[in-house]
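# Notes for the structure review
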Amino acid sequence: FNGMRFSPDGKAVLGDRARVKPDDPDHGLFVVSVADGSERKVKLPDGVSGVYFACWSPDGKRITYHWYEEIPRPPDAREPVGD
């Protein structure tokens with residue numbers, strides 16, 4: 001897990017599970033219960049490739065995250081210069 005953060009009440013941890021293998025389906029943003037270790041995967045928008053950063057709202061009821069996605073290039077587009 002990357003970027004793990006406790007919820008304001010300390011009952012859960014928010015973290016981004018890194019992809020272990022290129023085709024690993026069990027990666028993404030998760031909320032893990034401190035009490036029993038159960039996990040809940042956070043539903044992300046379609047097309048999201050990963051999460052840069054995630055955190056809890058002050059009341060612990062919401063999660064905010066900064067994601068990235070790959071945008072397909074048209075077949076006739078030129079190669080990009082730089083990043």
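Just above, that's the structure.
An account of the accompanying structure is given in this report. This one's a predicted model, so the numbers in the text were calculated from it and none came from an experiment.

## Details of the overall build of the protein chain
Looking only at helices and strands, one finds zero helices and six strands in the protein chain. Starting at the N terminus and walking to the C terminus, you meet the elements of the protein chain as β-β-β-β-β-β. Its C-alpha atoms give the protein chain principal-axis dimensions of about 55 × 30 × 20 Å. When each of the 83 residues of the protein chain is scored for burial, the buried share is 27%. Partitioning the contacts of the protein chain with sequence separation of at least 6, the portion at a separation of at least 24 is 24%. Only carbon and sulfur atoms are counted for the fraction: they give 54% of the accessible area of the protein chain, which is about 6600 Å². Charged side chains of the protein chain number 12 positive and 14 negative; the gap between the two group centres comes to 5 Å.

## Digging into a nonpolar patch on the surface
Together, Y52, F53 and Y68 line one region of the surface with nonpolar side chains, adding up to about 350 Å² of accessible area. Tracing the chain through its elements places Y68 in strand β6 (residues 63-69). Assessed through its relative accessible area of 36%, Y68 is described here as partly exposed.

## A few points about the sheet that holds strand β4 (residues 39-41)
Taken together, four strands build an open sheet; the order of strands is β1-β2-β3-β4 and the sheet is antiparallel. Only two strands of the sheet have a single partner each, and these edge strands are β1 (2-6) and β4. For this sheet, the mean inter-axis angle between neighbouring strands, taken without regard to orientation, is 20°. Bridge count for β1 against strand β2 (residues 12-17) is three bridges, and the pairing is antiparallel. What sits directly across from R5, in β2, is L14.

## Thoughts on the side chain of S7
Position of S7 relative to the elements: it lies in the loop between β1 and β2. In this structure the side chain of S7 is engaged in a polar contact, spanning 2.6 Å, whose partner is the side chain of D9. Within the structure, S7 has its side chain in polar contact with the backbone nitrogen of K11 (distance 3.2 Å). Contact partners of S7, with chain neighbours within four places excluded, come to A12 and W56.

The rules behind each value
Residues numbered from 1 in each chain as written. Predicted model: local features only at pLDDT ≥ 70, side-chain atom pairs only at ≥ 80, totals over all residues. Heavy atoms only, no water. Helix = DSSP H or I, 4+ residues; strand = E, 2+ residues; numbered from the N terminus. Buried < 20%, exposed > 50% of the residue type's maximum accessible area, 1.4 Å probe, protein only. Contact = heavy atoms within 4.5 Å. Areas by Shrake-Rupley, 256 points an atom, 1.4 Å probe, with all protein chains shown as cover. Lys, Arg positive; Asp, Glu negative; His and termini not counted. Charge placed at Lys NZ, Arg CZ, Asp CG, Glu CD. Patch = residues over 30% accessible without salt bridge, like charges linked within 9 Å, V, L, I, M, F, W, Y side chains within 5 Å. Salt bridge = Lys/Arg side-chain N within 4 Å of Asp/Glu carboxyl O. Pairing = 2+ DSSP bridges. Axes fitted to C-alpha atoms, helices over the stretch in contact; angles between N-to-C directions. Polar contact = N/O pair within 3.5 Å; in protein donor to acceptor, adjacent residues only side chain to side chain.

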